[in-house]
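Per-entry structural report
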Amino acid sequence: MNPSVKINCIELTWVESKEKLAEWENLLIESDFPHPFSSFTFYNAWVETFVDDLTQIKMLFFYNENNLVGLAPILIDHINKNVSILGDKDLFDYRDIIYISEFAEEIYIEFLSYMKLQPWFEGFTIFMQSIPESSELFNMINNNKLNSFIDAEIKEEDVTPIYDKAGMGVKGGWDDYLLALKKKQRHEIRRKLRKFESQDFQFKTINKNDDLSEFLPDFYELFINSREDKKEFLTEERKTFFNKMLFAFAEKNELKILSYYDGNTLISACIVIEYASIYFLYNSAYSLDYNSYSVGLVSKIIALKESIESNLDAFNFLRGNERYKYELGGEDLKLYEIKLLLN
């Protein structure tokens, strides 16, 4: 920690924070780990869907002089005596304080100091979920930099495999990517693409709201029929959230849906959010009737191919350790659940 760095914490309501959207978005893009789950676009859809009492939300803006260097959107659960970052792990792949690396340690200490001063906080737990292993919080705990503040419990939660172009040493396009894979993986990808492309399936990119309105009912039907647990997952409330979120990202030109049709029938789709020169594969679905053509896997291969040909930096497969992610070059970024008890 640098004692010469002064961090000023300002508490705002959710409504008041909307006046600082430009600062918020600039901070996120310049932060240590920019991703769509910390964007106002994503949070707003979640808040509008799931939060009835906006007084549960506190927006903590951290400034160094006049520069916004950190932001902690927190949800206070007085019934269960928990404080957490906004969101839930069923819909958010990452949840952490947004920060500029240079000020991370000071921001976390200021955050913990703020919590300690709240008159209602006695007996509360700070419950941090979906914290990536790259987070400065995780590093600070491991390096005993917060011992005077907290007791911490850490457990591994999940993984989000990522294909990183630079990490794999790929400097060119699709052919260079294929050459970077193992021979067996390269052969399988080419074989599956040839078989799929031998059919007269029609490809369509959806990124406009008019097309999205027509697409979503078909996608939801495909989604719930692809696996029994997905039918249980897609409640009406979650469907409302997806609608709000996807339309909002489409308005910002950050949504890309890569879909395939057999005539008028949707047979596969990948929902991608393009953010900070990365494709984030947020959701996908495919028809079991077309398993012999590997439509689910091929649609993801096509999405990855498009990201490479668009010269993006990475393709984030997001939560889950499905085998195909590693066969396509993904490497794990681990997620952790951290409980913080203030001393």
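For clarity, every value in this text was computed on a predicted model and none was experimentally measured. (Residues numbered from 1 in each chain as written. Predicted model: local features only at pLDDT ≥ 70, side-chain atom pairs only at ≥ 80, totals over all residues. Heavy atoms only, no water.)

**What to know about empty space enclosed by the protein**
This is how it is decided: The method works on a 1 Å grid over the protein atoms by themselves. A cavity is a set of points holding a 1.4 Å probe that cannot get out, a pocket is an open set with protein on both sides within 12 Å along at least five of seven lines, and residues with an atom within 4 Å of a point line them. Grid points are joined across faces, edges and corners, and a volume is the space filled by probe spheres set on the points. Residue polarity is assigned by list, with Asp, Glu, Lys and Arg as charged and Ala, Val, Leu, Ile, Met, Phe, Trp, Tyr, Cys and Pro as nonpolar; anything else, Gly included, falls into the polar class.
Following the criterion strictly, the structure yields two cavities of 30 Å³ or more and no others. Estimated volume of the largest cavity: approximately 120 Å³. Lining the largest cavity are 13 residues, and of these Phe33, His35, Asp96, Ile97 and Tyr99 lie nearest its centre. When the residues that make up the lining of the largest cavity are grouped by side-chain class, the tally is six nonpolar, five polar and two charged. Approximately 40 Å³ is the volume attributed to the second largest cavity. Lining the second largest cavity are Leu216, Phe219, Tyr220, Phe242, Met245, Leu246, Ile271, Tyr282 and Asn283. Residue composition of the lining of the second largest cavity, by class: eight nonpolar, one polar and no charged.

**Here's the deal with the nonpolar core**
Put simply, the test is: In these notes, a set of buried Ala, Val, Leu, Ile, Met, Phe, Trp, Tyr and Cys residues joined through side-chain atoms within 4.5 Å is what counts as a nonpolar core. Type-normalised accessible area, obtained with a 1.4 Å probe on protein chains alone, sets the label of each residue: buried when under 20%, exposed when over 50%, and partly exposed for intermediate values. Only DSSP runs of H or I reaching four residues or more are called helices, and only runs of E reaching two or more are called strands; each is numbered from the N terminus. Contacts were defined at the residue level, with two residues in contact if any of their heavy atoms lie within 4.5 Å.
Phe111, Phe215, Met245 and Tyr282 are the most contacted members of the largest nonpolar core, which has 96 residues in total. Considering every element that reaches this core, the biggest residue donor is helix H4 (residues 104–117), with eight residues. With near-sequence residues (within four places) excluded, phenylalanine 215 lies in contact with Ile206, Ile257, Ser259, Tyr261, Leu266 and Ala269. Among the nonpolar cores identified, the runner-up in size contains 30 residues, and Tyr163, Tyr177, Ile302 and Ala303 belong to it.

**Some points on the side chain of threonine 41**
Along the chain, threonine 41 falls in helix H3 (residues 40–50). Accessibility expressed as a relative area gives 8% for threonine 41, which makes it buried. For threonine 41, the residues in contact, after removing those within four places along its chain, are Ala248, Phe249 and Lys252.

**Quick look at the environment of tyrosine 290**
The topology assignment puts tyrosine 290 in the loop between strand E12 (278–286) and helix H11 (295–309). According to the relative accessible area criterion, tyrosine 290 is buried, its value standing at 17%. Distance from tyrosine 290 to cysteine 9, taken between C-alpha atoms, is 54 Å for residues 281 residues apart in sequence. Contacts of tyrosine 290, omitting those with residues within four sequence positions, involve Phe201, Asp262, Ile267 and Val295.

**What about the layout of surface pockets?**
Taken as a whole, the largest pocket encloses approximately 930 Å³ of empty space. Taken together, 33 residues line the largest pocket, and the ones lying closest to its centre are Arg227, Lys230, Asn283, Arg319 and Glu322. Counting residues per element, the ones that place at least two in the lining of the largest pocket are helix H8 (209–226), helix H9 (228–233), E12, H11 and helix H12 (323–327). Of the residues forming the lining of the largest pocket, the biggest block, six residues, is contributed by E12. Per-class residue counts for the lining of the largest pocket are 15 nonpolar, seven polar and 11 charged. Considering only enclosed or pocket space, the second largest pocket measures out at about 300 Å³ in volume. Taken together, Lys184, Gln185, Glu188, Ile189, Lys192, Leu297, Ile301, Glu322, Arg323, Tyr324, Glu327 and Leu328 form the lining of the second largest pocket. Considering each element in turn, the lining of the second largest pocket owes the most residues, five residues, to helix H7 (residues 183–197).

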